[in-house]
Amino acid sequence: MLINRTVAPAIAELTTDLSIAPEVQITPSGARLHIFENNIQPVVRVEFVFKAGKWFQSKPGVASLTAKMLKEGTQFHTAKEIADMVDYYGASLEVNHGFDRSTVTLYCLSKFLPFLLPLTFEIILQPSFPENEFALMKQRIIQTLSVDKQKNSYLATEAFTVAVYGQDHPYASSISEEEITALTIQDLMGFHRAAYTLSNSEIFITGDINKAGIEAISTNLKGAPSAEIINPTLKANSPQTGLLVNKTANQMQASIRVGNSTIRPTHSDYPALYLTNHILGGYFGSRLMKNIREDKGFTYGIYSSLSHKEHDSLFFIGTDIKGDKIKETLEEVSKEINLLMQEEVSEEEFLTAKKHLNGKFLSDHATLFDKMDKYRSNILLGLSPDFYSQLLQSIQALSPKDLIEASRKHLQEETLLKVVTGGSPE
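Position numbers for residues count from 1 along each chain, tracking the sequence in the order it is written. In keeping with the model being predicted, local features are shown solely for residues with a pLDDT of at least 70 and side-chain atom pairs are shown and tallied solely at 80 or more, while totals for entire chains, interfaces and linings include all residues. Side-chain measures were taken over the full set of non-hydrogen atoms in the model, leaving aside hydrogen atoms and water.

(A) How the structure looks around empty space enclosed by the protein. Definitions used throughout: a 1 Å grid over protein atoms alone; a cavity as a set of points that fits a 1.4 Å probe which cannot get out; a pocket as an open set with protein on both sides within 12 Å along at least five of seven lines; a lining residue as one with an atom within 4 Å of a point. Grid points are joined across faces, edges and corners, and a volume is the space filled by probe spheres set on the points. Enumeration over the complete set of coordinates arrives at one cavity of 30 Å³ or more. By volume, the largest cavity is sized at about 50 Å³. Lining the largest cavity we find Leu18, Ser19, Ile20, His365, Lys371, Lys374, Tyr375, Asn378, Pro385, Phe387 and Tyr388. Counting from the N terminus, the helices are DSSP H or I runs at least four residues long and the strands are E runs at least two residues long. Ranked by residues supplied to the lining of the largest cavity, first place goes to helix H13 (residues 368–381) with four residues. Charged means Asp, Glu, Lys or Arg here, nonpolar means Ala, Val, Leu, Ile, Met, Phe, Trp, Tyr, Cys or Pro, and polar covers whatever is left, Gly included. Split into classes, the residues belonging to the lining of the largest cavity amount to six nonpolar, three polar and two charged.

(B) Spatial organisation of the sheet that holds strand S10 (residues 312–322). Taken together, five strands build an open sheet; the order of strands is S7-S11-S8-S10-S9 and the sheet is mixed. Looking along the sheet, the strands with just one partner apiece sit at the ends: strand S7 (242–246) and strand S9 (299–309). Across the sheet, the mean angle separating the axes of adjacent strands is 15° when strand polarity is ignored. Both strand S8 (residues 253–261) and S10 contribute to a ladder of nine bridges, which runs antiparallel. Bridge pairing in S10 links serine 261 to leucine 314. Between two residues, a contact is recorded if the distance between any of their heavy atoms is within 4.5 Å. Lines fitted to C-alpha atoms define the axes here, with helix axes fitted over just the stretch in contact, and angles between the N-to-C directions of these axes take values from 0 to 180 degrees. Here helix H5 (residues 152–165) sits on the sheet and contacts S7, S8, S10 and strand S11 (417–422); the angle it forms with S8, its principal contact strand, is near 25°. Against the sheet, helix H9 (residues 270–282) contacts S9 and S10, and its axis sits at roughly 165° relative to S9. What makes two strands pair is DSSP finding at least two bridges between them.

(C) Spatial organisation of the sheet that holds strand S4 (residues 92–97). Taken in spatial order, the six strands make up an open sheet running S1-S2-S6-S3-S5-S4, and their pairing is mixed. Each edge of the open sheet is held by one strand with a lone partner, namely strand S1 (23–26) and S4. In this sheet, adjacent strand axes meet at a mean angle of 15° when their direction is disregarded. Where strand S3 (residues 43–50) lies against strand S6 (residues 202–207), six bridges are found, and the strand directions are antiparallel. Paired with valine 44 across the bridge in S6 is glycine 207. Against the sheet, helix H1 (residues 62–69) contacts S4 and strand S5 (102–109), and its axis sits at roughly 170° relative to S4.

(D) Examining the packing of helix H3 (residues 113–125) against helix H8 (residues 211–221) more closely. It is at 11 Å that the axes of H3 and H8 come closest, and there the two elements cross at 20°. Regarding the angle of H3 to H8, the classification is roughly parallel. For the crossing formed where H3 meets H8, the hand is right-handed. Taken together, the residues of H8 that come into contact with H3 (itself represented by Leu113, Leu117 and Phe121) are Gly213, Ala216, Ile217, Asn220 and Leu221. Residue composition of the contact of H3 with H8, grouped by class: six nonpolar, two polar and no charged. Roughly parallel means an angle under 35 degrees; roughly antiparallel, over 145; roughly perpendicular, 65 to 115; everything else is oblique. It is the rotation of the near helix from the far one that decides the hand of a crossing: anticlockwise by less than a right angle makes it left-handed, clockwise makes it right-handed.

(E) Geometry of the side chain of histidine 192. Secondary-structure assignment places histidine 192 in helix H7 (residues 185–195). The buried label goes to any residue with under 20% of its type's maximum accessible area, the exposed label to any with over 50%, and the partly exposed label to all in between, with areas taken from a 1.4 Å probe on protein chains only. Relative accessible area serves as the criterion here: at 9%, histidine 192 is assigned to the buried category. Identification of polar contacts relies on pairs of N or O atoms within 3.5 Å, with a donor-acceptor requirement for protein atoms, meaning one able to donate a hydrogen and the other able to accept it, and with residues adjacent in sequence counted only if both atoms are side-chain atoms. At 2.6 Å, the side chain of histidine 192 and the backbone oxygen of isoleucine 124 are in polar contact. Other than its neighbours up to four places away in sequence, histidine 192 contacts Thr66, Leu70, Ile124, Leu125, Pro127 and Phe129.

(F) Structural context of the packing of aromatic side chains. In this analysis, rings of Phe, Tyr and Trp, with Trp reduced to its six-membered ring, are considered paired at centre separations within 6.5 Å, and the interplanar angle assigns stacked below 30 degrees, edge-to-face beyond 60, and tilted for intermediate values. Across all of its chains, the model carries 17 aromatic pairs by this definition. With centroids separated by 5.7 Å and ring planes inclined at 80°, the aromatic side chains of tyrosine 107 and phenylalanine 369 adopt a geometry described as edge-to-face. Remark: phenylalanine 369 occurs in helix H13 and tyrosine 107 occurs in strand S5; sequence separation between them is 262 residues. You can call tyrosine 107 partly exposed: its relative accessible area is 26%. Residue phenylalanine 369 is classed as partly exposed on the basis of its relative accessible area, which comes to 22%. An aromatic cluster is built from Tyr270, Tyr274, Phe361, Phe387 and Tyr388, whose rings are joined through pairwise contacts. By the criterion adopted, a ring carries a charge over it if an Arg CZ or a Lys NZ lies within 6 Å of its centre and within 35 degrees of its normal. For the cation-ring pair, lysine 309 lies above tyrosine 171, with the distance from its terminal atom to the ring centre recorded as 5.4 Å.

(G) Focus on H9. Spanning 13 residues, H9 covers only 15 Å between terminal C-alpha atoms, well under the ideal 18 Å at 1.5 Å per step. Taken across its 13 residues, H9 has twelve buried, putting it largely inside the fold. All of the buried residues along H9 are Tyr270, Pro271, Ala272, Leu273, Tyr274, Leu275, Thr276, Asn277, His278, Ile279, Leu280 and Gly281. By definition here, a helix of n residues has an expected span of 1.5 Å times n minus one.

(H) Up close: the pairing of S11. Most of S11 sits out of view: six of its six residues are buried. Examined bridge by bridge, S7 and S11 share five bridges and lie parallel to one another. For leucine 244, the partnering residue across the bridge sits in S11 and is valine 419.

(I) Summary view of the nonpolar core. Core analysis: the largest hydrophobic core is formed by 62 residues, its most contacted members being Phe48, Ile203 and Ile217. With seven residues, the top contributor of residues to this core is H3. Setting aside chain neighbours within four positions, we find isoleucine 203 in contact with Ala31, Arg32, Leu33, His34, Val46, Glu47, Phe48, Ile217 and Leu221. Put simply, a nonpolar core is a bunch of buried Ala, Val, Leu, Ile, Met, Phe, Trp, Tyr and Cys residues held in one set by side-chain atoms that sit within 4.5 Å of each other.

No statement about biological role is implied by the geometric values presented.
Right, dumping it as C-alpha cells:
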C-alpha cells in the first residue's frame with residue numbers, strides 16, 4: 001500500500017503514564033534497594049545516595065570536598081589506579097554532591113559488575129584522604145572560586161540565595177576562600193564517618209541486573225554500622241523582598257535574579273503554577289523569551305523555573321543582559337507577571353504550552369535511566385512514585401482561569417526579591 005505523502009499523518013495522543021514501579025527491598029541494615037530491572041541492553045547503573053549534602057555539613061565546604069576526595073585514593077588504591085581500573089572495564093564511576101544528598105554512581109557492562117562493585121564499596125567506605133591531594137584540591141577550588149567571584153552571574157545567584165535563605169543557610173550559594181583554607185583532613189574524615197553510612201543510604205539499581213548482582217550488593221550492606229544523622233540548627237530568617245543592587249567592575253553586563261520561596265509540589269496549586277511558569281519563562285517560546293530576547297534584544301536568553309530541594313522550593317527568574325538595560329528589563333519582567341494575573345491566556349498559547357509540556361515530560365522519561373532519575377527525585381522529595389503522571393493529568397484539566405488564580409496567589413510583586421549585579425551606574 002502506497003503512502004499518500006500529500007496528507008500529514010494524524011497527531012497521536014501522548015501517553016500520560018510516565019511512572020515506573022521498581023522493586024523495593026529493605027535490607028537488614030536499613031538501606032533500601034530500588035531495583036528497576038531491564039535487560040534490553042547489557043548495561044547496569046548502581047547509585048548509592050547518602051545524606052551527605054550541604055544540608056548536613058558542620059562547616060562550609062566540607063560536604064563538597066569530602067565528595068571530591070573519595071576518588072583521590074583509598075586504603076588500597078591510588079587515584080591513578082582507581083582511574084585505570086575504571087577505564088580498563090570501559091566503565092564510569094562518578095561522585096556528585098548537592099544541597100541535600102551526595103551520590104556515588106557506577107555505570108558498567110553488567111558482566112563487569114562483579115569486578116567493579118568491590119572498588120565502588122572501597123571508595124565509599126575506605127577513602128584515604130591523602131594530604132597532598134587534599135592540598136591540591138583546596139588550591140584548585142580556591143582558584144575556581146576566585147574566577148567565579150569576578151562573574152556577575154555567580155555573584156547574582158550568591159546574593160539572591162543569601163537574601164532568600166540567610167548567610168549561613170545550607171541552601172545559600174555562598175562560601176569564601178578563607179572557609180576553604182580552614183578545612184582540615186580531620187573535618188572531612190569526621191563528616192565521612194557520619195554521613196557516608198550504608199545503613200542510611202538509598203540504592204537505585206537500573207538495567208541488566210541479576211540475582212547474583214543484587215546479592216553481591218546486599219552482602220556488602222550486611223553489618224553496616226548506623227549513625228545518627230544530625231539536621232542543622234537554622235537561624236530564623238525573614239526572606240528579603242524588593243530590589244537589591246550590587247555594583248561590580250563589569251559594567252558592560254548585568255545579571256538579574258527575580259523570585260521567592262514558593263509552594264511545594266504537593267500543594268494543590270502546584271499544577272497551575274507549573275503551567276503558569278512554563279508560559280512565563282519555562283521554554284524557548286515563553287513570554288519572557290519573546291519579549292526580552294526576541295523583541296527587545298536585551299539578552300541571549302531568559303528563563304524562569306521552579307526548583308525543588310528536600311526542605312524548600314524556589315521560583316526563580318534568571319538572565320544576563322546588557323549593562324545599560326537594567327531598568328527596562330525589570331519593568332518588562334514585572335509587566336509579563338502582571339499580565340498573567342490580569343488577562344486569560346489565549347486558547348492557542350494555552351494549548352501550545354500544554355503540548356510542549358507533554359513532549360518535555362515524554363523526553364524526560366525517554367530512557368531507563370531517565371525514568372529512574374525521575375523516580376529517584378520523587379522518592380527523595382517525598383513524592384509519590386507516579387507524581388509526574390499525576391502532574392501531567394492535572395495540567396491537562398486546567399483552564400486559563402486557573403492560571404490567573406495561581407499567579408495572583410504566588411507571584412505577587414510585593415513578595416518577590418529582585419537582585420541586580422553589575423551594569424552601568426545610573
